Amino acid sequence: MMLIDLAANALASGAALGSIYALLAMGLAITFGLLHVPNVAHPAIVVAGAYAVALANGYGADPLLAALLLTVPFYVLGLGFYTFYSRAFELRGRGNSLQSLTLFFGVALVIEIGLVIAFGTDLRSVSVPYVGQSLSVGFVTLPYRFLVPALVTPAVILALWLYLTRTHGGLALRAVAHDERALSISGIDPSSVKRHAFGLATALAVLAGAALIITGPVDPFTDRSLLGRVFAVVVLAGLGSIPGTLVAAVLIGVAEAFVTTFVSPSWAPGVAFAILLGTLGLRPSGLFGASR
Amino acid sequence: MNNRIVLERVSAGYGAVTVLHDVSLEVREGELVALLGMNGNGKSTLLNCILGFVRPTSGRILMEWGGRVTDLTAMRPHDIVNLGIGAVPEGRRLVPTLSVEDNLSLAGGVRRGRGSPAETLAFCYETFPILRERRRQAAGTLSGGQQQMLAIARALMTAPRFMVVDEPSVGLAPIVVDQVIDAVKQLQTARGMTILMAEQSFFQAVEVAARAYVLSHGRIIRTVEQGRELADGEEIRRTMMGMA
Ligand SMILES: Nc1ncnc2c1ncn2[C@@H]1O[C@H](COP(=O)(O)OP(=O)(O)OP(=O)(O)O)[C@@H](O)[C@H]1O
Ligand SMILES: [Mg+2]
């Protein structure tokens with residue numbers, strides 16, 4: 001009985017955790033998975049989003065509502081960021097070079113330092129009425145601070161899926177990952193599609209930031225512990241697969257929760273990579289990636 | 001009105017290698033013109049210059065249409081397409097993971113003010129019924145001939161005045177080759193489309209084309225006017241192959 005109890009709780013909290021990981025990784029699934037831009041600054045942008053949400057929450061705004069409104073300025077920020085990146089690298093034919101990776105590491109550092117200067121190194125959190133309360137069903141207990149952000153992910157994925165399959169802009173985004181020339185021939189500017197995609201990914205980062213800071217307190221360096229995990233999720237999913245991102249993240253979340261419960265919490269951070277290495281050995285293109 | 005596409009002494013290449021040398025040609029409204037040449041003689045390079053994928057190192061490419069002259073030489077590919085130049089490129093360049101219909105609506109989604117996308121889509125399906133049948137299927141799962149038809153249909157979706165078609169028959173079974181070439185010819189005769197088509201197969205092309213330019217080592221070595229080709233056919237074919 002005790003064992004089933006523990007396992008059920010690990011499963012529930014792992015699934016919720018995984019769902020939140022998926023949201024953290026969603027922007028990267030677009031920039032890295034679809035556009036092949038190695039945006040290692042994505043977690044830092046997520047943390048910046050968390051701070052923006054905390055700031056709005058300080059004025060009494062609901063974190064999720066604030067994040068929804070903040071997607072607009074973050075989108076614009078993403079457009080600007082991509083324009084700079086493409087001028088500096090892509091248009092000179094050095095898109096996936098080590099230099100471009102360095103640029104993104106630099107941006108992550110600038111964001112971290114900017115947050116330290118502006119807010120100090122203290123942990124920040126948001127206050128919402130449901131923090132501290134839990135949902136209990138049978139012997140499973142799940143804190144709302146996990147459950148609420150975990151429920152954001154399916155909604156975001158549904159919206160993203162509708163966008164990618166039902167709209168012209170979404171089709172163009174899926175096409176640009178394959179063949180930019182196919183877009184040009186269709187009369188569409190591939191760089192504007194990529195710019196828009198980058199804006200979209202940056203807008204998703206602020207939603208992820210809200211989820212992150214509802215889950216627990218955040219400091220300017222929280223991005224560092226997220227970086228490996230979100231890349232593991234995107235690669236495990238198979239580059240560019242949006243539903244795959246959710247499955248991969250939940251897989252990692254549940255595995256981490258089980259390791260934490262039954263082995264030791266100190267092993268948990270390695271779980272994502274153990275799963276990643278094991279899977280890539282069998283399926284080099286990831287769980288849902290197109291095998292070439 | 002003298003609607004036409006003109007190349008004026010175009011030279012182009014890749015890096016230090018010059019592939020096209022001083023190529024001049026024209027395609028007049030309503031014409032189907034063939035660009036003949038064996039492998040590696042610069043056909044695709046020439047068509048890619050028109051489409052803006054390859055930048056000429058000298059010379060100009062002009063579109064003279066409706067009393068207006070537009071210099072395409074420095075324009076970006078999608079702007080060239082939106083100006084009314086449809087492309088059926090080498091290798092087809094479809095999006096293999098998108099469905100047939102999504103490939104088409106991608107190209108039909110930009111409003112260009114030349115007919116409605118829904119009408120064009122209906123016309124594409126009428127011309128290629130197999131595409132309607134397979135419209136939900138991923139483009140990558142079509143046969144070679146069907147993919148070529150999709151590439152042609154996609155070009156139509158951009159509402160072109162002029163179409164550039166690069167070796168539509170390459171890699172297809174002989175019976176399919178005839179279908180595809182016929183479809184291209186139909187566009188010209190039934191729709192009045194203006195077409196420049198690269199081909200290797202001399203007799204195939206000359207049968208349908210009003211004129212043909214023969215490209216050898218990046219130079220136009222011969223222009224074949226309609227009516228003369230059959231008499232000179234064998235000789236021209238030998239020139240093309242570098243045997244004469
Ligand atoms: N992207 C490229 N980079 C460098 N050289 C190229 C490139 N594309 C073509 N070439 C070279 O330019 C020359 C002309 O090639 P092009 O593709 O224009 O010929 P083609 O007549 O279309 O041949 P095919 O019938 O095989 O398609 C060839 O020598 C080829 O090797
Ligand atoms: Mg070619």
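Here is what the cut-offs are and how they apply
- Residues numbered from 1 in each chain as written.
- Chains lettered and ligands numbered in written order.
- Predicted model: local features only at pLDDT ≥ 70, side-chain atom pairs only at ≥ 80, totals over all residues.
- Heavy atoms only, no water.
- 1 Å grid on protein atoms, 1.4 Å probe; cavity = no way out; pocket = protein on both sides within 12 Å on 5 of 7 lines; lining within 4 Å.
- Points joined across faces, edges and corners; volume = space filled by probe spheres on them.
- Nonpolar A, V, L, I, M, F, W, Y, C, P; charged D, E, K, R; others polar.
- Axes fitted to C-alpha atoms, helices over the stretch in contact; angles between N-to-C directions.
- Helix = DSSP H or I, 4+ residues; strand = E, 2+ residues; numbered from the N terminus.
- Parallel < 35°, antiparallel > 145°, perpendicular 65-115°, else oblique.
- Left-handed = near helix turned anticlockwise from the far one by under 90°.
- Contact = heavy atoms within 4.5 Å.
- Near = heavy atom within 4 Å.
- Polar contact = N/O pair within 3.5 Å; in protein donor to acceptor, adjacent residues only side chain to side chain.
- Core = buried A, V, L, I, M, F, W, Y, C linked by side-chain atoms within 4.5 Å.
- Buried < 20%, exposed > 50% of the residue type's maximum accessible area, 1.4 Å probe, protein only.
- Pairing = 2+ DSSP bridges.
- Domains from an automatic or database assignment.
- Buried area = accessible area lost by both parts, 1.4 Å probe.
- Salt bridge = Lys/Arg side-chain N within 4 Å of Asp/Glu carboxyl O.
- pLDDT = per-residue confidence, 0-100.

1. Quick word on empty space enclosed by the protein
If a probe as big as a water molecule is rolled over the atoms, it shows which places are left empty.
All names here are of chain B.
Logical step 1: Counted according to the given criterion, the structure contains 3 cavities of 30 Å³ or more.
Logical step 2: Here the largest cavity is characterised by a volume of approximately 70 Å³.
Logical step 3: Along its surface, the largest cavity is lined by 13 residues, and V110, G115, P117, M157 and A159 are the ones closest to its centre.
Logical step 4: Each residue belonging to the lining of the largest cavity can be placed in one class, and the counts come to 4 nonpolar, 6 polar and 3 charged.

2. Here's the deal with the packing of helix 1 (residues 2-34) of chain A against helix 8 (residues 190-215) of chain A
All names here are of chain A.
Logical step 1: Two numbers describe how helix 1 lies on helix 8: the axes approach to 8 Å, and their chain directions differ by 165°. The angle between helix 1 and helix 8 places the two elements in the roughly antiparallel class. Helix 1 and helix 8 meet at a crossing whose hand is left-handed. Of the residues in helix 8, those in contact with I20, L23, L24, M26, G27, I30 and T31 of helix 1 are A197, F198, L200, A201, L204, L207, A208, A211, L212 and T215.

3. Looking at the site of ligand 1
All names here are of chain B.
Logical step 1: The environment of ligand 1 is made up of 13 residues, and the closest members are G40, S44, T45, E90 and E167.
Logical step 2: Between ligand 1 and N39 there is a distance of 2.9 Å, counted from an oxygen atom to a side-chain nitrogen or oxygen.
Logical step 3: A distance of 3.3 Å separates an oxygen atom of ligand 1 from a polar atom in the backbone of N41.
Logical step 4: Sorting elements by how many residues they give to the shell around ligand 1 places helix 1 (residues 43-51) first, with 3 residues.
Logical step 5: Grouping the amino acids of the shell around ligand 1 by side-chain chemistry returns 3 nonpolar, 7 polar and 3 charged.

4. Section: the nonpolar core
Logical step 1: Ranked by size, the top nonpolar core spans 96 residues in total, and within it I30 of chain A together with L106 of chain B carry the most contacts.
Logical step 2: Sorting elements by how many residues they give to this core places helix 8 of chain A first, with 15 residues.
Logical step 3: Residues within four places of I30 of chain A in sequence aside, it is in contact with L35, L160, L173, A197, L200, A201, L204 and I242 of chain A.
Logical step 4: By size, the runner-up hydrophobic cluster in this structure holds 35 residues, among which are L32, V100, L104 and Y125 of chain B.

5. Quick word on the side chain of T194 of chain B
Logical step 1: Here T194 of chain B lies in strand 8 (residues 194-199).
Logical step 2: With near-sequence residues (within four places) excluded, T194 of chain B lies in contact with V27, R28, E29, G30, E31, W65, R161, F162 and M163 of chain B.

6. Some remarks on unusual backbone geometry
Residue and element names in this part refer to chain B.
Logical step 1: The phi dihedral of R9 falls on the positive side, at around 45°, and the residue is not glycine.
Logical step 2: Along the chain, R9 turns up in strand 1 (residues 4-14).
Logical step 3: With relative accessibility at 55%, the residue R9 sits in the exposed group.
Logical step 4: At D22, a residue that is not glycine, the phi angle is positive and equals roughly 50°.
Logical step 5: Its location among the elements puts D22 in strand 2 (residues 17-28).

7. A short note on the sheet that holds strand 9 (residues 211-216) of chain B
Residue and element names in this part refer to chain B.
Logical step 1: Here we have 6 strands laid out as an open sheet, ordered 6-7-8-3-9-10, and mixed in their pairing. Every interior strand has two partners, whereas the edge strands, strand 6 (85-88) and strand 10 (219-225), have only one. The average angle at which neighbouring strand axes cross in this sheet is 15°, direction not considered.
Logical step 2: Sheet contacts for helix 1: strand 3 (32-36), strand 6, strand 7 (162-166), strand 8 and strand 9; angle to strand 7, the most-contacted strand, approximately 150°.
Logical step 3: Packed on one face of the sheet, helix 7 (residues 174-191) meets strand 3, strand 7 and strand 8 and runs near 155° to strand 8.

8. Section: the packing of helix 1 of chain A against helix 5 (residues 144-166) of chain A
Packed helices, taken two at a time, are described by the angle between their axes plus the distance between the axes.
All names here are of chain A.
Logical step 1: Axis separation between helix 1 and helix 5 bottoms out at 7 Å; the angle between their running directions is 40°. Put simply, helix 1 runs oblique to helix 5. In the packing of helix 1 onto helix 5, the handedness of the crossing is left-handed. Taking contact as the criterion, the partners of A16, L17, S19, I20, A22, L23, M26 and I30 in helix 1 are, on helix 5, F146, P149, A150, V152, T153, P154, V156, I157 and L160.

9. With respect to the domain arrangement of chain B
Residue and element names in this part refer to chain B.
Logical step 1: Annotation of chain B at the domain level lists domain 1 (1-84 + 192-244) and domain 2 (86-160).
Logical step 2: Just the C-alpha atoms count here: the centres of domain 1 and domain 2 sit 24 Å apart.
Logical step 3: With 7 residues of domain 1 at the interface, the matching set in domain 2 holds 10 residues.
Logical step 4: Of the roughly 650 Å² buried where domain 1 meets domain 2, counting both sides, 56% is carbon and sulfur surface.
Logical step 5: If you look at where domain 1 meets domain 2, you find 0 salt bridges.
Logical step 6: Between the two partners, domain 1 and domain 2, sit 1 residue pair in polar contact (both at pLDDT 80 or more).
Logical step 7: Looking at the side of domain 1 that touches domain 2, the elements that each hand over two or more residues are helix 1 and helix 2 (77-82).

10. Observations concerning the confidence of the model for chain B
All names here are of chain B.
Logical step 1: Residues of chain B with pLDDT of at least 70 account for 92%, and the chain-wide mean is 90.
Logical step 2: The spread of mean pLDDT over the elements of chain B runs between helix 9 (residues 229-240), the lowest at 63, and helix 1, the highest at 97.
Logical step 3: Model confidence for the complex: the whole-complex pTM is 0.88, and ipTM, which rates the interface, is 0.91.

11. Focus on the interface of chain A and chain B
Logical step 1: Contact residues are listed per partner, giving 17 residues for chain A and 23 residues for chain B.
Logical step 2: Regarding the contact of chain A and chain B, the summed buried area is about 1,800 Å², with carbon and sulfur atoms giving 63% of it.
Logical step 3: Where chain A meets chain B, there are 2 salt bridges.
Logical step 4: When the shortest N-O distance is used, the salt bridge between R93 of chain B and D179 of chain A registers 2.8 Å.

12. Let's talk about the pairing of strand 1 (residues 134-137) of chain A
Logical step 1: As defined by bridge partners, strand 1 of chain A adjoins strand 2 (residues 140-143) of chain A across 4 bridges and the pair is classed as antiparallel. Along strand 2 of chain A, the bridge assignment pairs S134 of chain A with P143 of chain A.

13. Details of helix 4 (residues 117-127) of chain B
Logical step 1: Turning to helix 4 of chain B, its buried residues are T120, L121, F123, C124 and Y125 of chain B.
Logical step 2: Looking at the buried residues of helix 4 of chain B, the elements they touch are helix 3 (100-108), helix 5 (129-133), helix 6 (144-157) and helix 7 of chain B.

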